[in-house]
Each structure stands twice: as C-alpha cells, then as structure tokens.
Amino acid sequence: MSEQTDRRGRIRPAPENFLSRAQIAEVSAGRRDFLRKAMLAASAGVAAPAALAASGDPAILDKQVWGTTLGKPVASDAYGLPSKYEANLVRRESPGLASVGGASVAFTPLQGLFGIITPSGLHFERHHQGWQDVDPAKHRLMINGLVKTPKVYTMDDLLRFPSVSRIHFLECGANSAMEWANTAVPTVQYTHGMLSCSEWTGVPLKVLLDDCGIDLKQAKFIYAEGADGSHQNRTIPLEWALDDVIVAYGQNGEMLRPQQGYPLRLVVPGAQGVSWIKYLRRIEVGDQRWNTKDETLHYADLMPDGTTRQYTSVQEAKSVITSPSGGQVMLDRGMHTISGLAWSGRGRIKRVDVSTDGGRNWQTASLGSLVLDKALTRFQLPWQWDGGPAVLQSRAIDETGYVQPQMRQLREVRGTRSVYHNNAIQSWKVTETGEVFNVQIA
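Quick look at the structure, then. (Residues numbered from 1 in each chain as written. Predicted model: local features only at pLDDT ≥ 70, side-chain atom pairs only at ≥ 80, totals over all residues. Heavy atoms only, no water.)

Scanning the protein chain from N- to C-terminus turns up 10 helices and 26 strands. Here the protein chain holds 442 residues, and 51% of them are scored as buried. When contacts within the protein chain are restricted to residue pairs at least 6 apart in sequence, long-range pairs at least 24 apart make up 72% of them. For the protein chain, the exposed surface amounts to about 20,600 Å²; the carbon and sulfur share of it is 52%. (Helix = DSSP H or I, 4+ residues; strand = E, 2+ residues; numbered from the N terminus. Buried < 20%, exposed > 50% of the residue type's maximum accessible area, 1.4 Å probe, protein only. Contact = heavy atoms within 4.5 Å. Areas by Shrake-Rupley, 256 points an atom, 1.4 Å probe, with all protein chains shown as cover.)

Below, the structure written as structure tokens:
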C-alpha cells in the first residue's frame, strides 16, 4: 500500500458566523459572487489540525498542566456543560431569514455532530412568537370535540400514564428553502440545519383519546393548539394520531427544553415540524379539517401554474453529506471518510448512494448500526482523494422505494418559486486546493 493511499487526510473545519446581515441581504437578493472571498477570508482564521513534528510530539514528550494539578471537584457544574474548547459548535441564526428573533430560526451545526442524536442544547429552534418558559404547575391539556368525556389533564396526570420513548427526526418544512432558486448559503448548517433528532418520551396520543372515549365512527381529524403567544395550530389526520403520535414531555432523557415546548409538545413522526405543536394545550377531535392560516396560506407548496399544494406534511426521503461539506478545506490527499445523514418521513432508510463525480457514478455507502423508523440514519463511505476536482452528492432511498431527486427533477415538477419541502440532492464541489463549496449542477 502506497504512503498516499495509507495516509488519512485531514479536514479544516468551516468558519463560523462569517457573513454579516448586509452580506446575507445581498445573498437573498441574488448577489453571491462575494461568497467565496468571504469564506476564504474567514477560513484564514481557522486553525488547521496540527501535524506531528519530525522530532517528536511535545504533547506527548512534555508534561501538561492537567496531568500535574488537581482537577475540579465533583458537581462543580451542577448541570454539565460542553468543554470550553467546543464553544464554537453552537446553533446560529440566519439574519436574512427573518427581521425579528421571535419569528426566526437557529440552525443545528450538523457539520460538527456524530451519530444520529442531536444534543438538546443544539436542537434547532423555530418560533412564530418567541419561546416561553411555561410553569408546569399551571399548564393544562384539554381534549374535547368528538369524545364521550372531554377532559383536562395536569402535568401530574400525564406523568402517571405509562410512557413510551422513541427516536425520531424533526425537520422544518422550510429546511433548504433558500436553495430553491440557486445556491444561497455556504455551509451545511444553513442549507440543512433546520433538522435534529432526539429520543422523545411521553404518552401515546391514542391512549389519551381512548381515555376520553373518542367517537371513532365520526372522527377523522384532530386539531392541536399551543399555549404560547402565537397559538400555533395544526390539523392532523386521525390515522396518524392513532398510530405513532406522542404527547411528549421528555427529550433525550430529561424534560423538554423551553425552546422545544416545555412542558408538553406533540411529536408527529415523519411530519414537518409545524405539526409538532409546542406548549401543547388543546386537542380537539373533529370530522373535517380546520383549514387554519398556517395550513392553507403557509406551509403549502406554490406550483409553477400558480396553484398551491396543501397538506403536504410528510417529509420525503432526503440526505446530505456533512463531511466534507461547504466551508471545510481538505488539507491532504489520501483516504477520507465521506459521512452524512439520511432520513425519511415514510419510514426507514433502505440505502444511501454516494457520488464523487456529480451523479455520473454511484457507490453504496454503509449505514450506521441504528437504522430506525422516521429517524436520522448515519452513512459513511471511504474515499481516496487524489487532489483533483470532485462534486460530492448523496442519494437516499427509503423502504417504500422512494428515491431522493436531483434538483433539476424537483424543479421540473415544482418550479423555482416554492419555499417548502425541498428534498433535492445536495452537491458540494471540491476544488484542487481542497476548498469545498455549495454548488448546483445541471
């Protein structure tokens, strides 16, 4: 085996927070020629992984302060925190997406995560009127409508029911929205960062509906409503409600974070995030859709002929390579591991194919040890980079046989004026210098 083949390549991380509000406004207006210069300028300040010195590594040869001093006592931080050396891995807001923080998005840093579980503190946020820290002692869940006995539950009541815990992804319907017309943002945090995956714990909604005596002869839908200032609401088909929907109070082994709907939210596996109502206060059972503002005017797909598709809640199969990805720099020729995430709102991921030549040839990637229903799936493929240009893509196929489309295929059906449900294949261009850029190819 040659030295180049045997050597593992290094990657420099993407720079963080390098676009100003004014620059993002230029991106939104279609002026993107400065993106490469801004990326390069920011990258100059990002340290490359250290190479070992020929004379020996001082990190091994010299004594370090942490090996010669007394460490901090147990529970010095009552709630554990990440290392100070990981302070750069945080959620980041896109200033160009909304003019006020209370109705904006904070994106998950997908490029820096491992496995499939998103730490609760890095789970993306999307709010319509800011987040609240609701007093659980005063929070109530009411179930009414087509039920024999309408009921009001306290949090203590709900915690007494038998619980379930399941791992599911949560994706905003507007994830990748800025990429519909052309490349707009440089890194995977901004192209796909309205995506997270957690273990959710709570009471199956079916249990509560049965407890209230749901009228299964007349009922066809449920209406879910939040308790925050926006009173976010959504119509959900009854067959979903009786299947895997959870009234959740737990996330990743602890109570929900306030930004994720504490003390109660709806978990609707496979559906777009707007269906996962936070601060859940009421569920009404009915025989028809409620046709509310955010399910008729918003979160609908604008088609080329001017019509809109409504109630397209299911998140279709999608994937993205997170390493190497936009903003990163490949420092060495040699063996690299292409790694990314795949998911589908219709079930399990069956296969992920990876291309290094813009979709002309494909190789099947290996899937992680956990391939779960409506959850993120980690994929990997070894790749020998010879220093030449490349275009990296991934293509997800779910258990229904659905194949993730190329961008041109999606545009042939949906046009370029849509906002929601962009599940097209993502392309990352690797240059001869190792720089990685967001591109779209014909």
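So much for the structure itself; the text now carries on.
So, about empty space enclosed by the protein. Counted according to the given criterion, the structure contains 5 cavities of 30 Å³ or more. Volume-wise, the largest cavity comes out at about 270 Å³. In this structure, the largest cavity is lined by 23 residues; those nearest its centre are Arg 126, His 128, Arg 265, Gly 273 and Lys 278. Split into classes, the residues belonging to the lining of the largest cavity amount to 8 nonpolar, 10 polar and 5 charged. The computed volume of the second largest cavity comes to approximately 130 Å³. Grouping the constituent residues of the lining of the second largest cavity by class yields 5 nonpolar, 7 polar and 2 charged. (1 Å grid on protein atoms, 1.4 Å probe; cavity = no way out; pocket = protein on both sides within 12 Å on 5 of 7 lines; lining within 4 Å. Points joined across faces, edges and corners; volume = space filled by probe spheres on them. Nonpolar A, V, L, I, M, F, W, Y, C, P; charged D, E, K, R; others polar.)

Strand order across the open sheet formed by 5 strands is β6-β5-β14-β9-β10, with mixed pairing between neighbours. At either margin of the open sheet sits one strand with a lone partner, and together these are β6 (151-154) and β10 (233-237). Neighbour-to-neighbour, the strand axes of the sheet open up by a mean angle of 20 degrees, direction not taken into account. Pairing of strand β5 (residues 140-145) with β6 involves 4 bridges; the strand directions are antiparallel. Note that in β6 the partner of Met 142 across the bridge is Val 152. (Pairing = 2+ DSSP bridges. Axes fitted to C-alpha atoms, helices over the stretch in contact; angles between N-to-C directions.)

We now examine the layout of surface pockets. The space that makes up the largest pocket amounts to roughly 710 Å³. As for the largest pocket, its lining consists of 25 residues, of which Pro 13, Gln 111, Gly 112, Phe 114 and Gln 328 are closest to the centre. Residue assignment for the lining of the largest pocket shows that the elements contributing at least two residues are β1 (11-12), β17 (318-323), β19 (334-343) and β23 (377-385). Residue contributions to the lining of the largest pocket peak at 4 residues, all from β19. Here the lining of the largest pocket is composed, by residue class, of 8 nonpolar, 12 polar and 5 charged.

On to the side chain of His 123, then. Examined against the element boundaries, His 123 turns out to sit in the loop between β3 (105-107) and β4 (125-126). Look at His 123 and you get buried, because its relative accessible area is 0%. Side chain to side chain, His 123 and Gln 260 meet in a polar contact 3.2 Å long. His 123 has contacts with Arg 91, Thr 108, Thr 118, Leu 170, Ser 196, Ser 198, Trp 200, Gln 251 and Gln 260, leaving out every residue within four places of it along the chain. (Polar contact = N/O pair within 3.5 Å; in protein donor to acceptor, adjacent residues only side chain to side chain.)

One open sheet holds the 4 strands; their spatial order is β17-β19-β23-β22, and the pairing between them is antiparallel. Across the chains shown, the open sheet's two edge strands, defined by having one partner strand only, are β17 and β22 (366-367). In terms of strand pairing, β22 meets β23 through 2 bridges, oriented antiparallel. The partner of Ser 366 across the bridge, within β23, is Gln 380.

A few words now on the nonpolar core. Counting 49 residues, the largest nonpolar core has Leu 141, Leu 208, Val 247, Leu 266, Leu 280 and Ile 283 as its most contacted members. Residues within four places of Leu 280 in sequence aside, it is in contact with His 139, Arg 140, Leu 141, Ala 224, Glu 225, Gly 226, Val 247, Leu 264, Arg 265 and Leu 266. Counting 30 residues, the second largest nonpolar core, distinct from the first, contains Ile 167, Ala 342, Val 354 and Leu 392. (Core = buried A, V, L, I, M, F, W, Y, C linked by side-chain atoms within 4.5 Å.)

Within helix α7 (residues 205-212) the residues assigned to the buried category are Leu 205, Leu 208, Leu 209 and Cys 212. Viewed along the axis of α7, the buried residues span an arc of 100 degrees, placing them on a single side of the element. Just downstream of α7, Gly 213 is the residue with a positive phi angle, here 75 degrees. (Arc of directions from axis to C-beta.)

Time to look at unusual backbone geometry. In this structure, the amide linkage connecting Tyr 262 to the following residue, Pro 263, adopts the cis form with an omega of 10 degrees. Checked against the element boundaries, Pro 263 lands in the loop between β12 (254-255) and β13 (265-267). Put simply, Ser 323 and Pro 324 share a cis peptide bond, and its omega is -5 degrees. For Pro 324, the position within the fold is in the loop between β17 and β18 (329-330). One non-glycine residue, Ser 176, lies in the positive phi region at around 70 degrees. Here Ser 176 shows up in the loop between β7 (164-171) and α6 (188-192). On the basis of relative accessible area, Ser 176 is assigned to the buried category, the value being 7%.

What follows is about the pattern of salt bridges. What the rule picks out here adds up to 18 salt bridges. The salt bridge partner of Lys 374 is Asp 244, with a shortest N-O separation of 3.0 Å. Pair noted here: Lys 374 is in the loop between β22 and β23 and Asp 244 is in the loop between α8 (238-241) and β11 (246-251), with a separation of 130 residues, a long-range link. In terms of burial, Lys 374 and Asp 244 fall into one category: buried. (Salt bridge = Lys/Arg side-chain N within 4 Å of Asp/Glu carboxyl O.)

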